[in-house]
Structures are given as C-alpha cells and as structure tokens.
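Residue-level structural notes
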Amino acid sequence: MKTRFKPKFNIKKGDLVVVIAGDDKDRTKARKVLEVLPEKARVLVEGVNINTKHTKPTAQNTKGGIVKQEAPIAISNVMLWDAKAGKPTKVTRQRENGKLVRIAKKSGEVIK
C-alpha cells in the first residue's frame, strides 16, 4: 500500500473479530487477532487461513516435519465482534477526555 499517510484501522491486536469473506467465513464465531500488519493492510487471525509448512530438522527442532500456521488475510475481510450485541459491528471513533476511543455502532459500547 503506497500512500502518503499511514492508514488507520479500527482493528487492534487482541480484538475479537468475525471473518466475513473467504474460505473461513463464519459470522457467528468470534476469533482473536494475533497480529495487525498495517503497511500491508492485513491481519493475522487465530485459526483462520491455515497453511502447512514443511520444516527440516534443526538444532532447536530435531524432528522436523509438517507445521501448521496461520497466514495473514486482508483486513477488509474481518469485522469487529460486539460482545454485548452478539453480532459483528462497524466502529466509530470519538474523543473522550482528550483520548480517541472506539465505539461499537450496534450497541454503543466503548471497545477496550
């Protein structure tokens, strides 16, 4: 993503999100965000987009073999989970006491 300004996303590490597009689409199951990659507009979600990686035996891993790990997906394919409403929600930002906070549009709750 070549832009002049750094993009701002409403999803942060540790948030609960729902996958709304792709092979792992499930709008009823909330999953945890492991990492956000803002420069690539991608996000690493727990248990989504699993790839298998073949590893050779090394000093740390004497067995080697096949390792399953998550791969990043586009940030546009996930939506923040609103725990109070029990549904995926959009996010708005407002200033409270000089700090910018995220607010769920469905329930109006502040997202921690």
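Residues numbered from 1 in each chain as written. Predicted model: local features only at pLDDT ≥ 70, side-chain atom pairs only at ≥ 80, totals over all residues. Heavy atoms only, no water.

1. Here we look at a positive patch on the surface
A surface patch of positive charge is lined by Lys 8, Lys 12, Arg 93 and Lys 99. Take Lys 12: it is sitting in the segment before strand E1 (16–19). Overall, the relative accessible area of 48% leaves Lys 12 in the partly exposed class. (Patch = residues over 30% accessible without salt bridge, like charges linked within 9 Å, V, L, I, M, F, W, Y side chains within 5 Å. Areas by Shrake-Rupley, 256 points an atom, 1.4 Å probe, with all protein chains shown as cover. Salt bridge = Lys/Arg side-chain N within 4 Å of Asp/Glu carboxyl O. Lys, Arg positive; Asp, Glu negative; His and termini not counted. Charge placed at Lys NZ, Arg CZ, Asp CG, Glu CD. Helix = DSSP H or I, 4+ residues; strand = E, 2+ residues; numbered from the N terminus. Buried < 20%, exposed > 50% of the residue type's maximum accessible area, 1.4 Å probe, protein only.)

2. A short note on the pairing of E1
Bridging between E1 and strand E2 (residues 26–37) involves three bridges; their strand directions are antiparallel. Along E2, the bridge assignment pairs Val 17 with Arg 31. Where E1 folds back onto E2 in an antiparallel hairpin, the turn is made up of six residues, including Gly 22, whose phi is positive at roughly 105°. Relative to strand E7 (residues 78–82), E1 runs antiparallel, the two sharing three bridges. Residue pairing for E7: Val 19 is matched across the bridge by Val 78. (Pairing = 2+ DSSP bridges.)

3. Digging into unusual backbone geometry
Phi angles above zero are rare outside glycine, and Asn 49 is one such case at about 55°. Exposure remark for Asn 49: the relative accessible area of 27% places this residue in the partly exposed category. Even without a glycine there, the phi angle at Asn 97 is positive, about 55°. For Asn 97, a relative accessible area of 84% gives the class exposed.

4. Some details on the UniProt feature "domain: Large ribosomal subunit protein uL24 C-terminal" (unreviewed entry) in the chain
UniProt records the feature "domain: Large ribosomal subunit protein uL24 C-terminal" (unreviewed entry) at residues 48–111, using the numbering of this structure. Secondary structure content for residues 48–111 is 0% helix and 56% strand, while the C-alpha to C-alpha distance between its ends is 23 Å. (UniProt positions renumbered as here; feature names shortened; annotations may be inferred.)

5. Concerning the pattern of salt bridges
This structure, assessed with the given rule, holds two salt bridges. Residue Glu 109 is joined to Lys 84 by a salt bridge in which the shortest nitrogen-to-oxygen separation is 3.3 Å. Remark: Lys 84 occurs in the loop between E7 and strand E8 (87–89) and Glu 109 occurs in the loop between strand E10 (99–104) and strand E11 (110–111); sequence separation between them is 25 residues. Here Lys 84 falls in the exposed class, since its relative accessible area comes to 60%.

6. Description of the sheet that holds E2
Strand order across the open sheet formed by six strands is E6-E3-E2-E1-E7-E8, with antiparallel pairing between neighbours. Each edge of the open sheet is held by one strand with a lone partner, namely strand E6 (73–74) and E8.

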